[in-house]
Structure formats: C-alpha cells, structure tokens
Amino acid sequence: NLVPMEDYINCVISREMGNSFPLEALKAQAVAARSYAVTNYGKHTASHFDICGTTHCQVYYGMNTTGENTIRAVEAEPLFRSHPGSGRNLGRIRLV
C-alpha cells in the first residue's frame with residue numbers, strides 16, 4: 001500500500017482526533033503526525049514497508065475516515081521535504 005504523505009497524514013489525524021476538533025488543533029496534530037512519520041520513516045524496512053498502520057506507529061485506516069477539517073488542516077501545513085541528497089523519498093509512504 002503506497003500512500004502519498006499528505007493522504008497518510010490526513011488519515012492519521014482523522015483517527016487520532018477526528019474531524020470535529022477545531023481546525024487549529026488539527027493543524028497542530030498534522031505537524032506532530034508528520035514529524036513522527038518523517039522521524040520514523042523506514043522503521044520497518046526489514047519487513048518491506050516504512051511505517052505500520054497500528055498504534056505501534058500511527059493508526060491508519062484509509063481515506064474513508066477523513067473529513068473537511070482534517071483535509072484543511074493538512075493542506076494548511078506545508079509538506080516536509082527531505083534534505084537534497086538524503087536519499088529519502090518522503091513524498092509517499094509504504095504501509096503494511
């Protein structure tokens with residue numbers, strides 16, 4: 001399951017907080033979720049995926065759990081880009 005990073009973050013904050021939370025709180029959660037994903041990217045490389053979709057990493061249930069506010073929160077916060085030459089493609093994330 002290869003997922004664009006922004007979609008992944010949207011799904012994570014949808015499960016961790018939900019669409020009903022205030023937009024500013026969702027933006028803060030998007031920063032935290034993105035920071036976790038970037039820091040732990042490749043955590044499960046030996047198992048042929050980057051991050052798992054459980055509480056072991058970050059809960060991911062797919063796009064069916066997102067909402068208007070979670071989408072707006074992710075769009076409002078700029079996507080982290082890896083340092084040139086780092087060899088890390090953070091545009092997409094492989095999930096189990």
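Asker: How should I be thinking about the overall build of the protein in this particular structure?
Answerer: Along the backbone of the protein there are 3 helices and 2 strands. The order of helices and strands in the protein, counted from the N terminus, is β-α-α-α-β. Looking at the 96 residues of the protein, the share that counts as buried comes to 42%. Long-range pairs, those at least 24 residues apart, make up 73% of the contacts in the protein between residues at least 6 apart in sequence. As presented, the protein carries roughly 5,300 Å² of accessible surface, and 52% of it is formed by carbon and sulfur atoms.

Asker: Even after reading the chapter, I still don't get the nonpolar core, so can you show me in this structure?
Answerer: Among soluble globular proteins, nonpolar side chains are generally buried collectively. In this structure, Y8, I9, I13 and A37 are the most contacted members of the largest nonpolar core, which totals 19 residues. Looking at this core, the elements that each hand over two or more residues are α1 (5-16), α2 (23-39) and α3 (68-76). Top element by residues in this core is α1. It accounts for 6 residues.

Asker: Even after reading the chapter, I still don't get α1, so can you show me in this structure?
Answerer: Structural remark: α-helix, 3.6 residues per turn; residues separated by three or four positions point the same way. Taking 1.5 Å as the rise per residue, α1 with 12 residues should run 16 Å; its terminal C-alpha atoms sit 16 Å apart, in good agreement. Residues M5, Y8, I9, N10, C11, V12, I13 and S14 constitute the buried set of α1. Positive phi appears at G18, one or two residues downstream of α1, with a value of about 105°.

Asker: Help me understand the pattern of salt bridges, please; the structure alone is not making it clear to me.
Answerer: It is possible for side chains of opposite charge to pair when their charged atoms get near one another. For the structure shown, the criterion picks out 1 salt bridge. Among the ionic pairs, E24 bridges to K27, the shortest N-O distance being 3.0 Å. A residue pair is termed a helical-turn pair when its members lie 3 or 4 positions apart in one helix, as E24 and K27 do in helix α2 at 3 residues.

Asker: So what exactly am I meant to see when it comes to the packing of α1 against α2 here?
Answerer: A pair of packed helices can be characterised by two numbers: the angle between their axes and the separation between those axes. Packing of α1 against α2 leaves a shortest axis separation of 9 Å and a crossing angle of 120°. Of the possible angle classes, the one that applies to α1 and α2 is oblique. Like other packed secondary-structure pairs, α1 and α2 cross with a definite hand, here right-handed. Of α2, the residues touching α1 (which contributes M5, Y8, I9, V12, I13 and E16) are L26, Q29, A30, A33, R34 and A37.

Criteria and thresholds
Residues numbered from 1 in each chain as written. Predicted model: local features only at pLDDT ≥ 70, side-chain atom pairs only at ≥ 80, totals over all residues. Heavy atoms only, no water. Helix = DSSP H or I, 4+ residues; strand = E, 2+ residues; numbered from the N terminus. Buried < 20%, exposed > 50% of the residue type's maximum accessible area, 1.4 Å probe, protein only. Contact = heavy atoms within 4.5 Å. Areas by Shrake-Rupley, 256 points an atom, 1.4 Å probe, with all protein chains shown as cover. Core = buried A, V, L, I, M, F, W, Y, C linked by side-chain atoms within 4.5 Å. Expected span 1.5 Å × (residues − 1). Salt bridge = Lys/Arg side-chain N within 4 Å of Asp/Glu carboxyl O. Axes fitted to C-alpha atoms, helices over the stretch in contact; angles between N-to-C directions. Parallel < 35°, antiparallel > 145°, perpendicular 65-115°, else oblique. Left-handed = near helix turned anticlockwise from the far one by under 90°.

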